There are 2 protein chains.
Amino acid sequence: MQFKRPPTIREVAAAAGVSIATVSKFINGQQRFSPEVEERLRQAIATLGYRLNPQARSMVTGRTRSFGLAVLDIRNPHFANIVKGANRVALESDYSLLVVDLEERPTHERSLLEALSSRVDGLIVSSRIPDDSIAWLAELGKPVVLFGQRPRPDIRCVRTDGYRGAYLLSQHLLKGGRKRVAYLGFPNARWNAERLTGLRSGMSEQGHTVSEFAVEWPTMDGGQQAAAAILAAQPRPDAVVAYNDLVAIGFMSEATRLGVKVPDDIAVAGFDDIPVARHMHPALTTVNMRSEEQGEAAMRLLLDALRDKSMTGDDILFEPQLIPRASTAPLKS
Amino acid sequence: MQFKRPPTIREVAAAAGVSIATVSKFINGQQRFSPEVEERLRQAIATLGYRLNPQARSMVTGRTRSFGLAVLDIRNPHFANIVKGANRVALESDYSLLVVDLEERPTHERSLLEALSSRVDGLIVSSRIPDDSIAWLAELGKPVVLFGQRPRPDIRCVRTDGYRGAYLLSQHLLKGGRKRVAYLGFPNARWNAERLTGLRSGMSEQGHTVSEFAVEWPTMDGGQQAAAAILAAQPRPDAVVAYNDLVAIGFMSEATRLGVKVPDDIAVAGFDDIPVARHMHPALTTVNMRSEEQGEAAMRLLLDALRDKSMTGDDILFEPQLIPRASTAPLKS
DNA sequence: ATGAAAGCGCTAACAC
DNA sequence: GTGTTAGCGCTTTCAT
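One structure accompanies this document, and this report is about it. (Residues numbered from 1 in each chain as written. Chains lettered and ligands numbered in written order. Predicted model: local features only at pLDDT ≥ 70, side-chain atom pairs only at ≥ 80, totals over all residues. Heavy atoms only, no water.)

**Focus: the packing of aromatic side chains**
Inclusion rule: Within 6.5 Å between ring centres, the rings of Phe, Tyr and Trp (the latter by its six-membered ring) count as paired, and their orientation is classed by plane angle as stacked under 30 degrees, edge-to-face over 60, tilted in between. Only DSSP runs of H or I covering at least 4 residues are called helices, and only runs of E covering at least 2 are called strands; the numbering of each starts at the N terminus. Buried, partly exposed and exposed residues are distinguished by accessible area as a fraction of the type maximum, computed with a 1.4 Å probe on protein chains only: under 20%, between the cut-offs, and over 50%, respectively. Ring-over charges, as used throughout, are those where CZ of Arg or NZ of Lys falls within 6 Å of the ring centre and within 35 degrees of the ring normal.
For the coordinates displayed, the defined rule picks out 4 aromatic pairs over all chains. Ring plane angle 55° and centroid distance 5.9 Å describe the contact between B:Phe186 and B:Tyr243, whose orientation is recorded as tilted. One end of the pair, B:Phe186, is in the loop between strand E6 (181-185) and helix H9 (192-204); the other, B:Tyr243, is in the loop between strand E8 (239-242) and helix H11 (245-257), and 57 residues separate them in sequence. On the accessibility criterion, B:Phe186 (1% relative accessible area) is buried. Here the guanidinium or amino end of A:Arg110 rests over the ring plane of A:Trp136, the centre of that ring lying 4.5 Å away.

Pasting the structure below:
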């Protein structure tokens, strides 16, 4: 079966015996016509199976009624939640949201963003974009929202205070009697440093240091692979704070498999509060980083920008929330 | 800051003192020009910051070099895996993949699909689309791949045999000494019936029936909410097969919270083999439904269709794989 | 090697 | 009310 080109406005016009302008106005509902004409138009549209080509429309209007969202890894529930938040807000305003997964691969990043950017009225980007590419984004001629610290005045940003989140975690761990905290980070990530700093700063208030480990990927597999090294450290940490919940889950699962008890032998905590965190056994302590709200906020910034034709205003900063659960229960004794 | 329109091919032509046709050929690299001209073009493009508008290009070429993928709920790792598989294959062929989340909301489904379909060369759709909308999809004039049973000859399909998967699960449970199996389904889903049937058919070989329960949503919350009713049933089931892993996890977590031991008191299993399944405690028995491979296969069908200009050929059917884990360990006694 | 011109499907002024 | 026309930014014959 061959794919036939869909009928155009011109064919409808011919079939209905009117001009293309009439058809255009009719399908956009911006004007009424005489009953017979309207009827002929309806007929023609129905029998031809006409469908408007939004692509062609947006060529002339300059707007697409859709936004783009680029994420690093859709498999990470943190990003899935961002998508959810952004999608909800977009749908409410009758916009559609197109998502691309950058696959954590800088190679394809640029071309994926290019392909996306030309098809939308604005862009939300979560990425490890180096600063020079950010210049490129800013010159797209469309509003762009980034997750992170504002890199330049014409790009707005949304983030949740990771320093604060890590600090809260440190206080919680201290209260539970933990003294030897290890941070299992993902050095490539934008948020890694502030989380480590917040944790160190909190622990140092009681004179404790934080040992540092790293995963190769911010995933469950990454956490699992890193577990042995941490558990073998002398002295063994009595708490592990992971870069995110996925890493924490991988670590916790491997620790359990190796016969190390969580939380009795070692406490485990992560960041993001992904949905599965509370269903783990033990339930995973984490810091809620407002993933979904970040997505909502980013989308609202885009909508505002489109209205104002400008990208000014302050960044959006969310407060993280500590979610204490069983995986960091206080040390007994 | 105002958003200025990006420069066009015409401005480049003016700046370089050549015609727009020359610019077009140059940026598409389909022809060489005299060194001076090429140099002037490079200059003009660089100083103006020109970027090609793929939208305009695709108006004339009729192709966009991108595909669309619509999923029911990106928060479900099953769908995230489908995205991964499809994205990988698309990137390999230099296509980009645009994903939309339908939010399990039939209301927005049609308009989201319309917005998506016009921007891509082909579509992969996972949805509970009623049959009349499927006709609509088929008439888009572009290749469409569906997950499920082929509804009409001009639409190709990819699926994994759910009947078989459920049957495998039943044999595994029987071998473990389970006799009173409950199925915690999601009646709205396309796959629900075949999974139930496969399970029933397997259990009936040993003369056992399967009791039926339902979740409102195929999520962890859904599984959690349904747990109490199942555990209160008389006689209490000694195994629960959930519609998918998310539901299974929600159920398992709630059962544990209620003091019911998994797998000693009750076995739990799901479908999909989402990444977190093996990290649960106890690790979750499941049936791998080849999510990622389904995404890959669907994308390959699309690429083939574009090459052949046709949508003929057989459906793709994957074999499910039983993944036995601790959550269905054999009954002791 | 380079350019003129037609046109992809549509919208928006402006006529009538 | 309805039609004419000029593009949106680009590709693609076809001339020169």
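From this point on, the discussion continues.
**With respect to the side chain of B:Asn192**
All names here are of chain B. What counts, and what does not: Working rule for contacts: check all heavy atoms of both residues, and any pair within 4.5 Å makes them a contact.
Note that Asn192 resides in helix H9. A relative accessible area of 6% means that Asn192 is categorised as buried. Sequence-distant contacts of Asn192, that is, excluding residues within four places in its chain, are made with Tyr183, Gly185, Phe186, Pro187 and Tyr243.

**Thoughts on the interface of chain B and chain A**
The following threshold applies: A simple way to read buried area is as the amount of 1.4 Å-probe accessible surface that goes missing from two parts once joined, with both sides added. In the sections that follow, a salt bridge refers to a side-chain nitrogen of Lys or Arg positioned within 4 Å of a carboxyl oxygen of Asp or Glu. In protein, a polar contact means a hydrogen-donor-capable atom and an acceptor-capable atom, both N or O and within 3.5 Å, with residues adjacent in sequence counting only if both atoms are side-chain atoms; elsewhere, any N or O pair within 3.5 Å suffices. Under the scheme applied, nonpolar residues are Ala, Val, Leu, Ile, Met, Phe, Trp, Tyr, Cys and Pro; charged residues are Asp, Glu, Lys and Arg; polar residues are all the others, including Gly.
Of the residues lining the interface, 64 residues belong to chain B; the matching set on chain A comes to 64 residues. Of the roughly 6000 Å² buried at the junction of chain B and chain A (both faces included), carbon and sulfur atoms supply 58%. Inspection of the region where chain B meets chain A yields 10 salt bridges. With its nearest N and O atoms 3.9 Å apart, the salt bridge here joins B:Glu103 to A:Lys84. Where chain B touches chain A, the interface holds 26 residue pairs in polar contact (both at pLDDT 80 or more). When residues of the side of chain B that touches chain A are traced back to their parent elements, those giving at least two are helix H4 (54-61), helix H5 (77-92), strand E2 (96-101), helix H6 (106-117), helix H7 (131-138), helix H10 (220-232), H11 and helix H12 (291-308) of chain B. Partitioning the side of chain B that touches chain A into residue classes produces 28 nonpolar, 19 polar and 17 charged.

**Considerations on the protein's contact with DNA strand D**
Here is the rule: Proximity is defined per residue: any heavy atom of the residue falling within 4 Å of a molecule or strand makes that residue near it.
DNA strand D sits among 31 residues. The nearest are A:Lys25, A:Gln31, B:Ile9, B:Ser24 and B:Tyr50. Among all atoms of DNA strand D positioned within 4 Å of the protein, those belonging to sugar or phosphate total 63%. Within the side chain of B:Tyr50, one N or O atom sits 2.5 Å away from a phosphate oxygen of DNA strand D. B:Ala56 is positioned with one of its backbone polar atoms (N or O) 3.3 Å from a base nitrogen of DNA strand D. Mapped onto the surface near DNA strand D, the elements with two or more residues apiece are helix H2 (20-27) and helix H4 (54-61) of chain A together with helix H1 (9-16), helix H2 (20-27) and H4 of chain B. Tallying contributions element by element places H4(B) first for the surface near DNA strand D, with 5 residues.

**Observations regarding the relation of the copies chain B and chain A**
The line we're drawing: A least-squares fit on C-alpha atoms brings the copies together, and the residues used are those whose pLDDT is at least 70 in both copies.
Between the two copies, chain B and chain A, the superposition gives an RMSD of 0.1 Å; the rotation angle is 180° and the shift along the axis is 0.0 Å. Here the symmetry operator amounts to a two-fold rotation axis. Closest approach to the rotation axis among the C-alpha atoms of chain B is made by B:Val99, whose C-alpha sits 2.4 Å away.

**Looking at the protein's contact with DNA strand C**
In the vicinity of DNA strand C there are 30 residues, among which A:Ile9, A:Ser24, A:Tyr50, B:Lys25 and B:Gln31 approach most closely. For DNA strand C, the fraction of protein-proximal atoms (within 4 Å) that sit in sugar or phosphate groups is 66%. Between DNA strand C and A:Arg57, the relevant distance is 2.9 Å, taken from a phosphate oxygen to a side-chain nitrogen or oxygen of the residue. Take B:Thr22: an N or O atom from its side chain is 2.7 Å from a phosphate oxygen of DNA strand C. Per element, the largest residue contribution to the surface near DNA strand C is 5 residues, and it comes from H4(A). Of the residues belonging to the surface near DNA strand C, the class tally is 14 nonpolar, 10 polar and 6 charged.

**Examining the pattern of salt bridges**
Across all of its chains, the model carries 48 salt bridges over all chains by this definition. Between A:Asp221 and B:Arg278 there is a salt bridge, with its nearest N and O atoms 3.3 Å apart. Taken together, the positions of A:Asp221 in helix H10 (residues 220-232) and B:Arg278 in the loop between strand E9 (267-271) and strand E10 (285-288) put the pair across two chains. With relative accessibility at 36%, the residue B:Arg278 sits in the partly exposed group.

**A closer look at unusual backbone geometry**
The residue after A:Val262, namely A:Pro263, is reached through a cis peptide bond having omega 10°. Along the chain, A:Pro263 turns up in the loop between helix H11 (245-257) and strand E9 (267-271). A cis geometry characterises the amide bond from B:His281 onward to B:Pro282, with omega recorded as 0°. Positionally, B:Pro282 belongs in the loop between E9 and E10. Phi is positive for A:Arg65, close to 55°, though the residue is something other than glycine. Residue placement: A:Arg65 occurs in the loop between H4 and strand E1 (66-71).

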